Amino acid sequence: MTIATVIITDMPDNQYTIEGTLDRPEAINEPPTPAIIIATYLSSHIKEVSDNAIAWYNQMGEGK
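Counting restarts for each chain, with residues numbered from 1 along the sequence as it is written. Where local features are concerned, this predicted model is filtered to residues with pLDDT of at least 70; where side-chain atom pairs are given and counted, the filter is 80 or more; whole-chain, interface and lining totals use all residues. In computing side-chain properties, one takes all heavy atoms of the structure into account and sets aside hydrogens as well as water.

Draft legend 1. Up close: the pairing of strand β2 (residues 15-22). At least two bridges found by DSSP between two strands are what make those strands a pair. Strands are runs of DSSP state E lasting at least 2 residues, helices are runs of H or I lasting at least 4, and numbering of each runs from the N terminus. Strand direction decides the pairing type here: strand β1 (residues 4-11) and β2, joined by eight bridges, are antiparallel. Directly across from isoleucine 8, in β2, lies its bridge partner isoleucine 18.

Okay, structure coming up:
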């Protein structure tokens, strides 16, 4: 079993950092599991996902 963790940290001025970890880093060299597949997809699309999430929030009126 592989556990992929994504940590999103709030920073000053509405900035944020995103980092990810695998509980077993060597799992990246093994046959893909759902955790690896999803984590890889998120990491390769993180800018788009982040921008879409913030745009969605602002569109809902809560971010105004």
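Draft legend 2. Representation of the pattern of salt bridges. Within this document, salt bridges are pairs made up of a side-chain nitrogen of Lys or Arg and a carboxyl oxygen of Asp or Glu, the two lying within 4 Å of each other. In the structure shown here, the tally under the stated rule is three salt bridges. For glutamate 26, the salt bridge is made with arginine 24, and the minimal N-O distance between the two is 3.3 Å. Among the residues examined, glutamate 26 registers a relative accessible area of 42% and is labelled partly exposed. On the basis of relative accessible area, arginine 24 is assigned to the partly exposed category, the value being 25%. Two residues, lysine 47 and aspartate 51, come together in a salt bridge whose shortest N-O distance is 2.8 Å. Residue lysine 47 and its partner aspartate 51 are both found in helix α2 (residues 46-59); the two are separated by four residues, about one turn of the helix. A 1.4 Å probe rolled over the protein chains alone gives each residue an accessible area, and that area as a share of the maximum for its type sets the label: buried under 20%, exposed over 50%, partly exposed in between. Taking the relative accessible area as the measure of exposure, lysine 47 reaches 59% and is therefore exposed. A single salt-bridge network, built from bridges that share partners, covers Arg24, Glu26 and Glu30.

Draft legend 3. Broad picture of unusual backbone geometry. We note that aspartate 13 has phi near 60°; this positive angle belongs to a residue other than glycine. Looking at where aspartate 13 falls in the secondary structure, it is placed in the loop between β1 and β2. A relative accessible area of 71% means that aspartate 13 is categorised as exposed. Within the chain, asparagine 14 stands out as a residue other than glycine whose phi angle is a positive 60°. Within the fold, asparagine 14 resides in the loop between β1 and β2.

Draft legend 4. Structural context of α2. Helices are assigned an expected span. That span is 1.5 Å times one less than the residue count. For α2, built from 14 residues, the straight-helix expectation of 20 Å at 1.5 Å per residue is met to within 8% by its first-to-last C-alpha distance of 20 Å. Looking one or two residues beyond α2, the residue adopting positive phi is glycine 61, at roughly 90°.

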